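Okay, here's what each chain looks like letter by letter:
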Amino acid sequence: MRSAPVKVSCGLLLLAATAAAQQRPASPQGRSAVEVAGTYDVQYGYENGRWIEVRYGRPILRGRDIFGPDDWQEALNDGAEVWRAGANYSTVLSTEVALDIDGVSVEPGEYTVFIDLGDDWTFILSRWPAQTTYDYENKDALFGAYYYTADRDVVRTTMAVEDGDISFEQLSWQFVDVDDEGGRLMMLWGTKRASVAFQF
């Protein structure tokens, strides 16, 4: 007699888990952050640091050859002039510290990130605000890269692009080679590695 409630409970848990899996987005949100320009205190740890963070959609390969087909740039741009550098909503970089990217001073604040996928990949930092959910009537902010225009660009610089020896299943933005003077912001997906250097 006591086994019936247990079976019902297990069935409800299975249904809840199945429903949760079905609601999981195809390209979950990702974020990467680094804390810089602070100092270590023996008692209190890292103090007075400033954060740099990237938020983005994380598309998954799922067996696709993203960069192999002849029309891979058009596929990633998905009807826009440039790539949103992720999936779904716009990729956003927030910085609490002034950055120097290719000789351009970037003041603390929030920026959108795009990549122009030509023969050379061009990293774009823009003042276009990002929509968190798509609103086709909102022409003052972007969803993804749709309706992007270059008039709000702050930085345009060539990225270092290379092929790695391992494949990243899910797109990732990471801060690499960070020291007291700067570092690199790197996008990794499949075997592609594309990065841009920054200084403080």
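See above for the structure.
The following paragraphs examine the structure supplied in this document. (Residues numbered from 1 in each chain as written. Predicted model: local features only at pLDDT ≥ 70, side-chain atom pairs only at ≥ 80, totals over all residues. Heavy atoms only, no water.)

### Observations concerning the overall build of the protein chain
Here's step 1: Secondary structure summary: the protein chain contains 2 helices and 12 strands in total.
Here's step 2: In the protein chain, which comprises 200 residues, the share counted as buried stands at 40%.
Here's step 3: Residue pairs at least 24 apart in sequence account for 58% of intrachain contacts in the protein chain once pairs closer than 6 positions are excluded.
Here's step 4: With the model as given, the accessible surface of the protein chain reaches about 11,800 Å², and the carbon-plus-sulfur share is 50%. (Helix = DSSP H or I, 4+ residues; strand = E, 2+ residues; numbered from the N terminus. Buried < 20%, exposed > 50% of the residue type's maximum accessible area, 1.4 Å probe, protein only. Contact = heavy atoms within 4.5 Å. Areas by Shrake-Rupley, 256 points an atom, 1.4 Å probe, with all protein chains shown as cover.)

### A look at the pattern of salt bridges
Here's step 1: Inspection of every chain in the model, using the stated rule, returns 8 salt bridges.
Here's step 2: Of the charged contacts, one joins Asp177 and Arg184 as a salt bridge, the two residues approaching to 2.6 Å between their closest N and O atoms.
Here's step 3: Taking relative accessible area as the criterion, Asp177 reaches 53% and is therefore assigned exposed.
Here's step 4: Overall, the relative accessible area of 26% leaves Arg184 in the partly exposed class. (Salt bridge = Lys/Arg side-chain N within 4 Å of Asp/Glu carboxyl O.)

### Here's the deal with the environment of Asp140
Here's step 1: Assignment of secondary structure puts Asp140 in the loop between strand S9 (121-126) and strand S10 (153-158).
Here's step 2: C-alpha separation for the pair Asp140 and Ala130, spaced 10 residues apart in sequence, amounts to 8.9 Å.
Here's step 3: Aside from chain neighbours lying at most four places away, what touches Asp140 is Trp128, Pro129 and Arg152.

### Points about the side chain of Ser172
Here's step 1: Residue position: Ser172 is located in strand S11 (residues 160-176).
Here's step 2: Those residues in contact with Ser172 that sit more than four places away from it in its chain are Tyr56, Arg58, Met186, Met187 and Leu188.

### Some points on the sheet that holds strand S4 (residues 50-57)
Here's step 1: The strand order across the open sheet built from 6 strands is S1-S4-S5-S8-S9-S10, with neighbouring strands paired in antiparallel fashion. Taken across any chain shown, the strands that pair with only one partner, and hence form the sheet edges, are strand S1 (29-36) and S10. Put simply, the sheet's adjacent strands are angled 20 degrees from each other on average, direction ignored.
Here's step 2: Both S1 and S4 contribute to a ladder of 8 bridges, which runs antiparallel. Bridge pairing in S4 places Gly30 opposite Tyr56. (Pairing = 2+ DSSP bridges. Axes fitted to C-alpha atoms, helices over the stretch in contact; angles between N-to-C directions.)

### A look at the side chain of Ser32
Here's step 1: Within the secondary structure, Ser32 is located in strand S1.
Here's step 2: Overall, Ser32 belongs to the buried group, its relative accessible area being 8%.
Here's step 3: Only 3.2 Å separates the side chain of Ser32 from the backbone oxygen of Trp173, close enough to count as a polar contact.
Here's step 4: When sequence neighbours within four positions are dropped, the list of residues in contact with Ser32 reads Ile52, Glu53, Val54, Tyr56, Trp173, Gln174 and Phe175. (Polar contact = N/O pair within 3.5 Å; in protein donor to acceptor, adjacent residues only side chain to side chain.)

### A closer look at the packing of aromatic side chains
Here's step 1: If you walk through the whole model with that rule in mind, you get 10 aromatic pairs.
Here's step 2: Each ring, one from Phe114 and one from Tyr148, has its centre 5.0 Å from the other, and the planes form 50 degrees; the classification is tilted. Here the residue Phe114 occupies a position in strand S8 (residues 109-117), and Tyr148 occupies one in the loop between S9 and S10, the gap between them amounting to 34 residues. Take Phe114 and Tyr148: they sit in the same class, and that class is buried.
Here's step 3: Seen in terms of ring centroids, Phe198 and Phe200 are 5.9 Å apart; in terms of plane orientation they differ by 55 degrees. Their pairing is tilted.
Here's step 4: Take Phe198: its relative accessible area is 4%, and that puts it in the buried class.
Here's step 5: Judged by relative accessible area, which is 33%, Phe200 ranks as partly exposed.
Here's step 6: Taken together, Phe67, Trp72, Trp83, Trp121 and Trp189 form an aromatic cluster joined through their ring pairs.
Here's step 7: Over the ring of Tyr147 we find Lys139, and its NZ or CZ is 4.8 Å from the ring centre. (Phe/Tyr/Trp six-rings, centres within 6.5 Å; stacked < 30°, edge-to-face > 60°. Lys NZ or Arg CZ within 6 Å of the ring centre and 35° of its normal.)

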